[in-house]
Structures are given as C-alpha cells and as structure tokens.
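For reference, the chains in residue letters:
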Amino acid sequence: MPHITESSAQSVLREVFGYEQFRGPQQAIIDHVVAGGDALVLMPTGGGKSLCYQVPAIVRQRAGLGITVVVSPLIALMHDQVGALHESGVDAAFLNSTLSYDEASEVERRLLRGEITLLYAAPERVTTPRFLSQLDSLHERGMLSLFAIDEAHCVSQWGHDFRPEYRALTVLHERYAGVPRMALTATADATTRADIVERLQLQEAGQFVSSFDRPNIRYTIVEKKDVTQQLLRFIENEHTTPQGHDAGVVYCQSRKRVEELAQTLCENGLNALPYHAGLDAGVRQHHQDRFLREDGIIMCATIAFGMGIDKPDVRFVAHVDMPKNIEGYYQETGRAGRDGAAANAWMAYGLQDVVNQRRMIDESPASEEFKQVMVGKLDALLGLAEAIDCRRVRLLSYFGQHSEACGNCDNCLTPPAVWDGTDAARKLLSTIYRVQQASGISFGAGHIMDILRGKKTDKVTQYGHEQISTFGIGAEFSEQQLRGVLRQLIAIGALAVDAQAFNTLQLTDAARAVLRGEVPIQLRESTAAAPRSRRTRSSTGSGSPAKAAIALEGGALRRFEALKAWRTEVAREHNLPAYVIFHDATLAAIAERFPATPEDLQGISGIGARKLEAYGAEVLRVCQL
Ligand code: ADP
Ligand code: ZN
C-alpha cells in the first residue's frame, strides 16, 4: 500500500477545509478508515459526519487508491453537497436521475478515468448492473478506494426512514470484499444499530459512538394553550432583530396544520413556507432551495422535511405538536445550530397530543408487540415533557449516556414549581368510575372535568351527573391542572382512551394502585397559565441564543454586512447556498480581523487553500470599502 503519513489527514483538514482541529472522535474515525478499516459511525446531527468520509476519501485518492463512492438517499441535496466540495477544490460528482443522459455519461467517463475523488449516488443507482460493472472495472484496476453509506439507518425497518433499496447494498461487501466500508447515521438506538451491522455486514467494523449531547441547543418544553400565539411570541422574543428574523423549522403533525401555520406566520410578517409530502415535488424542491439559499426563512413542515438538510445556521426548531418519540424529537431538534452557535429547541404539547398519539398507535394495523413498543416510546417522550428536572439529563440518559444538570434548558434556567397531583388523580379516577357505573357508558375528558369541578353544564344536567358523589369535590383544581393529571394518567396507563368511542376515558387495571394512593403523581405547575413571558433579548442573561451567535459592533458589523451582501452575489452566480461559500462565523471572523493582506486571512476557520485563492482578493477589497 502506498505510504500514508499520520499527518496526511491533518493537513487535508487544514489545507482543503481550512479547519484547525478535528472535532470529537473525527480523528480516530478518520485514522481508522484511512488505514483501510471498516467503520460504523454514530454521531448526532451536526456532529460533523461528512468530514469523516471526505477526509479519508481525499487522503486515499492522493495516495493513489482511487475513488470513494458515497451512497446517499438524498438526491435533492447532492447538487449542493458536491458544489460545496468543488468550492473547496475537491473533485466530486453525483449520479442521479436529475442528470441528463449526456451529463450522466460525462460523469461515467470521468469516473472510469479515475478523475473523481468522491462520487455521490443513490442506493438504487449503485445496485444497477450497469453501475456495478463500472465499479468492477475500477476495482480490477485498484481504483476503488472506499464506500461511505450515509443515513445508514435507512437499512433498518425499525428506523423511521426504512428504504428497501438499502437492503441491496449487501452486494458491496460480497462483490468488493477488500474495499473498506463505512456506515454513518445519527440514529442511536441499539436495535437500529444491530440491524445496520447485520444488514450491511459490519461485524468486523470499528464502532464509533459519539456523545449525543448538543450543548449549544437550549431545550424548552411548554404546555399548549394558544399554540400559534405562543409560537409567535417565542419567535418574536428569541429570534427577531431589527434586521429581520432567524431561519428556523416548525414541525407540525398534519399537512393541513402546516399550510395553516405557514399562512398565519406570513400574515404576522414572518417569512414562512410550507413543506409536506402532499405538495407537488417541484414546489417542495423550490421551498427547500429557498430555505437553504435565502436568509431567515421559517419552514413549516411535517417530518417529511429535514433529513440531510445541512444548513448550519438554523437557529431554532419548534414543535407545535408532540412528536411520536424521543428519537424523532432529538433528530429533528438536532437540525438547529449545526454551526455550534447557540440555538433553541422549543416544543409545545398538550393533552390532545397524547390522546391523538395513543389513538394512532391503537388504530395502527401493527402487531400488539410493536404497539407496546410504540406506547413505551410515547411515554418516554411524555416523561420528558412533564419532567421537572434537567431536560438534557433525561434526553441523554434515554440514549444511555450519563450527564450532569446542564444549565441550558428551561428547567435548569427556571426551575419549575411542583405540585402534588395524587389527590386530584384519585378524584378524577373515581369520577370516571362512578360516571361509568351510573350511566353505563364512558365520557371524554371535558365532561369528567366539568363534573369534578362542579360545573352544571347542559350535558351534566342531561345525564343527572350532578348527583354523582364526586360532583364539585375538585373545585379547587384548575382545568389546566386537571389536564396535566389526565396526561400523566394516560401516560402511565391508568387510563385508556377509546378512539372508537369519541375519545372516551376508561379505567384500566393500573388505575387501582392510583386510586389507593399508592402511586404519587408529581406535576409541574402549568407553564401555559403563567403570565406572558417578558424575556427579551437583553434580559436573558447570557444573551438571546440567536444574538450570541454573532456579536459584532461598529466597523466590524458594517464589514460583516458588506461581506454577507458580497457572499449572496457569489452564491447566486454559483447556484449554491450562501453558507457553502463561507459560514457566517467565518465572515464574522474576517470582519473582526479587518485584514489588509492575504496573510491576514491565514488561520481563519473555514478558509482553505482553494477559497483563499478564489476569494481572498475580493474579501480584502470588500473589507476596505
Ligand atoms: P452531520 O452530517 O454530522 O450532521 P456535518 O458534516 O454537516 O454534520 O457538519 C456540521 C458542521 O460542522 C458543518 O458545517 C461542518 O463544516 C462543520 N465541521 C465539521 N467538522 C468540523 C471541524 N473539525 N472543525 C470545524 N468545523 C467542522
Ligand atoms: Zn438542563
């Protein structure tokens, strides 16, 4: 094997990407793969997975070992990914259905001549006889260096993005046994991991599991009241400046909700776009492009949006409906703050969310065993939402990691008041029991709460429920409080929701222990009922997350704005997102240094050799304006 020095990877990092140091486990992974080992890489979103295969690809190509094939399901993003590599002076190309016949033929010619360092292709393309015979030809000539399988969790049917085409990738191992393979994913759970190892035959691979913590993300979970207003207030307080608002993603449960919310945000002067699988593919692509290319777009989306979106400066991810489980929540919130600067993950949840999710599980045609797993996962998420201690400790412990209270989540920053809901829980359960006894049918949450709180509604009178012995004995509880208790009772399985019968509530066996007072119910004081948040940018102590990302003043701020305007032009000419040219942080560092000569630009993070050569003079000129 040709000689590869220890420092090769380090010098590629510096020279090509303009970065000083590897992050976290990148070094270990890269050394392992450069040396020809197989690897399974688990890293949270934003952890820096791309470099883990890009650096080995470059080092190995320079050592004469040939090309790296990157398998990725994200056709819509390949153009930008390859464009970003070109900007750094790396020979990269993609093969997918967006290319014309002639364009594809040209890529194939270059591939066979060994002129490409990284080739991106979708799994269905990789496993065609035509492509495999091209790989055979490269392999015979010792020019097939590495396979990188991105979003590797797509191989697992337990994951949330199962893609059958990934199963066919076993051919890589069988056909090119000597060629190292690495699988990368941000999905952590053990079942998925085991599935990846088995399906992609990575039993011998080095496993690299990073810490899943994303310390720059601040977690906040609030109870729903008027969620649209709550969201607007959050964006206004935390993510709006006189210059405009930050880029963010708002996740909703349904397509209809996506459409409505995008419209409402626009009516409130925000720059919002809808994205869901029901939209025409062209519209979807257009909205995604705008989100990536323009500053300060808020994407209202279903979970159809986001995989592979590598925009580094998404400053917030909001959930206006509760996701299905913690894996989904963590993956989605992980899309905030990839650049390492402060970012927010904000979620609102309510009783209706719990009821809806339980119903979807109950109504799904899946096996009982599978439903049980889903219920368990929903409960874990609800536990996180209702938690009165550090959110990050809970999140990380879900992924099997121990940590200390973080100081950067809502509960750490403002410890919530707690109340004992055990008595309220018993009263609710006995009301449900008595009503069922008296009327022979079950009722929904609203009616039960009315009885307990002693409200003589038409329905109460109609059924004579003011005669029930618990009528009015819970008058001291607010509806908000009782909803919280009901959520807990559903979460712990003491109550079941009957979706077939208008979401009526039924006692389960587990209710007995609660009725006997054996299960303490601890609840956080309702946050939604609290007075309007008066948090502003200046009063948040450490500064608002968004502002803290870039803090410049005077001449530096002026230069930063000028550099951004220049970058917009370049990005438009190259048909690429602005961050592919330079990250905000790089422009801010330039603006602050106020460089006069090309030497002054040396060592600024994000300026590699190619970018220095291509843009150095222009950057200096813009700074002098
Ligand atoms: P992932 O694919 O794991 O979600 P990316 O590969 O997109 O993450 O990396 C996230 C961001 O971090 C990118 O903007 C990338 O340029 C940056 N990055 C990665 N590694 C480093 C490093 N060693 N030094 C500085 N920035 C890095
Ligand atoms: Zn915390």
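Every value quoted in this text rests on a predicted model; they were computed, and no experiment measured them.

Asker: Talk me through the pairing of strand S14 (residues 316–319); I want residue IDs and the actual numbers.
Answerer: Of the two faces of S14, both are covered, the one formed by Phe316 and Ala318 as well as the one formed by Val317 and His319. Handedness of the crossover joining S14 and strand S15 (residues 343–349) through helix H13 (residues 326–333) is recorded here as right-handed.

Asker: Mind laying out the environment of Lys225, listing which residues take part and the relevant values?
Answerer: Summarising the element assignment, Lys225 is placed in the loop between strand S8 (217–223) and helix H10 (227–239). For the pair Lys225 and Glu165, spaced 60 residues apart in sequence, the C-alpha separation works out to 43 Å.

Asker: Tell me about the packing of helix H24 (residues 554–574) against helix H27 (residues 609–624), and name the residues and values.
Answerer: Between H24 and H27, the least distance of the axes is 9 Å, while the angle of their chain directions is 140 degrees. Handedness of the H24/H27 crossing: right-handed. Residues Arg559, Ala562, Leu563, Trp566, Val570 and His574 of H24 lie in contact with H27, whose contacting residues are Tyr615, Glu618, Val619, Val622 and Cys623.

Asker: Before we move on, can you summarise the state of the cysteines with the specific residues and values?
Answerer: Scanning all chains against the criterion turns up zero disulfides. With no disulfide of its own, Cys300 lies closest to Cys252 among cysteine sulfurs, the gap being 5.6 Å.

Asker: Could you give an account of the pattern of salt bridges, with specific residues and numbers?
Answerer: For the coordinates displayed, the defined rule picks out 34 salt bridges. In this structure, Arg14 and Glu20 form a salt bridge, with 3.8 Å as the shortest nitrogen-oxygen distance. Using a relative accessible area of 42% as the deciding quantity, one classes Arg14 as partly exposed. Classification of Glu20 by relative accessible area gives partly exposed; the value is 39%. Here Glu368 makes a salt bridge to Lys371, at a shortest N to O gap of 3.8 Å. Linking Glu368 with Lys371, this pair stays in helix H15 (residues 368–386), spanning three residues, or about one helical turn. Look at Glu368 and you get exposed, because its relative accessible area is 55%. By sharing partners, the salt bridges in this structure join Asp80, Asp289 and Arg293 into a single network.

Asker: Describe in detail helix H4 (residues 75–87), supporting the description with residues and values.
Answerer: What H4 keeps buried is the set Leu77, Met78, Asp80, Gln81, Val82, Gly83, Leu85 and Glu87. The first or second residue beyond H4 is Gly89, which carries a positive phi of 80 degrees.

Asker: Requested: an account of the site of ligand 1, with residues and values cited.
Answerer: In the region of ligand 1, 15 residues are neighbours, and Tyr19, Gln21, Gly46, Lys49 and Ser50 sit closest. With respect to ligand 1, the side chain of Tyr19 contributes an N or O atom lying 2.7 Å from an oxygen atom. Bound to the protein, ligand 1 loses 86% of the 570 Å² it would expose on its own. Examining the composition of the shell around ligand 1, we find that three residues originate from one element, helix H3 (residues 49–62), more than from any other. Across the shell around ligand 1, the residue classes break down as four nonpolar, eight polar and three charged.

Asker: Can you explain the sheet that holds strand S1 (residues 39–42)? Please cite residues and give values.
Answerer: With parallel pairing, the seven strands of this open sheet are ordered in space as S3-S4-S2-S5-S6-S1-S7. Edge positions in the sheet fall to strand S3 (92–95) and strand S7 (206–209), since each has one partner strand and no second. Looking at each pair of strands side by side, their axes are set apart by 20 degrees on average, direction ignored. Contacting S1, strand S5 (144–149), strand S6 (181–185) and S7, helix H2 (residues 26–34) runs over the sheet at an angle of about 160 degrees to S7. Against the sheet, H4 touches S3 and strand S4 (118–121), its axis set at about 165 degrees to S3.

Asker: If you had to explain the sheet that holds strand S12 (residues 272–275) to someone new, which residues and values would you point to?
Answerer: Taken in spatial order, the six strands make up an open sheet running S8-S15-S14-S11-S13-S12, and their pairing is parallel. Across the chains shown, the open sheet's two edge strands, defined by having one partner strand only, are S8 and S12. The mean angle between the axes of side-by-side strands here comes to 15 degrees, regardless of whether they run parallel or antiparallel. Bridge count for strand S11 (residues 248–251) against strand S13 (residues 298–301) is four bridges, and the pairing is parallel. Looking across to S13, one finds that Gly248 is bridged to Ile298. Running at roughly 140 degrees to S12, helix H12 (residues 281–293) makes contact with S11, S12 and S13 of the sheet.

Asker: If you had to explain the coordination of the zinc ion (ligand 2) to someone new, which residues and values would you point to?
Answerer: Taken together, the protein donors to the zinc ion (ligand 2) comprise Cys390 (SG), Cys406 (SG), Cys409 (SG) and Cys412 (SG), at separations of 2.3 to 2.4 Å. Here the zinc ion (ligand 2) is ringed by four donor atoms whose angles at the metal span 102 to 120 degrees, and the overall shape comes out tetrahedral. Cys412 gets classed as partly exposed once you look at its relative accessible area, which sits at 24%.

Asker: Describe the side chain of Glu87, naming the residues involved and giving the relevant values.
Answerer: Tracing the sequence through the fold places Glu87 in helix H4. Despite its burial, Glu87 remains without a salt bridge, the nearest opposite charge being carried by Lys611 at 5.7 Å. A distance of 2.4 Å separates a polar atom in the side chain of Glu87 from a polar atom in the side chain of Tyr615. Excluding residues within four positions of it along the chain, Glu87 makes contact with His574, Leu576, Val580, Ile581, Arg610, Lys611 and Tyr615.

Definitions and cut-offs
- Residues numbered from 1 in each chain as written.
- Chains lettered and ligands numbered in written order.
- Predicted model: local features only at pLDDT ≥ 70, side-chain atom pairs only at ≥ 80, totals over all residues.
- Heavy atoms only, no water.
- Buried < 20%, exposed > 50% of the residue type's maximum accessible area, 1.4 Å probe, protein only.
- Helix = DSSP H or I, 4+ residues; strand = E, 2+ residues; numbered from the N terminus.
- Right-handed = clockwise from strand over helix to strand, strands pointing away.
- Axes fitted to C-alpha atoms, helices over the stretch in contact; angles between N-to-C directions.
- Left-handed = near helix turned anticlockwise from the far one by under 90°.
- Contact = heavy atoms within 4.5 Å.
- Disulfide = S-S within 2.5 Å.
- Salt bridge = Lys/Arg side-chain N within 4 Å of Asp/Glu carboxyl O.
- Near = heavy atom within 4 Å.
- Polar contact = N/O pair within 3.5 Å; in protein donor to acceptor, adjacent residues only side chain to side chain.
- Areas by Shrake-Rupley, 256 points an atom, 1.4 Å probe, with all protein chains shown as cover.
- Nonpolar A, V, L, I, M, F, W, Y, C, P; charged D, E, K, R; others polar.
- Pairing = 2+ DSSP bridges.
- Donors = N, O, S within 2.8 Å, 3.2 Å for Na, K, Ca; no water.
- Tetrahedral: all angles 85-135°; square planar, octahedral: opposite > 155°, others 65-115°.
- Lys, Arg positive; Asp, Glu negative; His and termini not counted.

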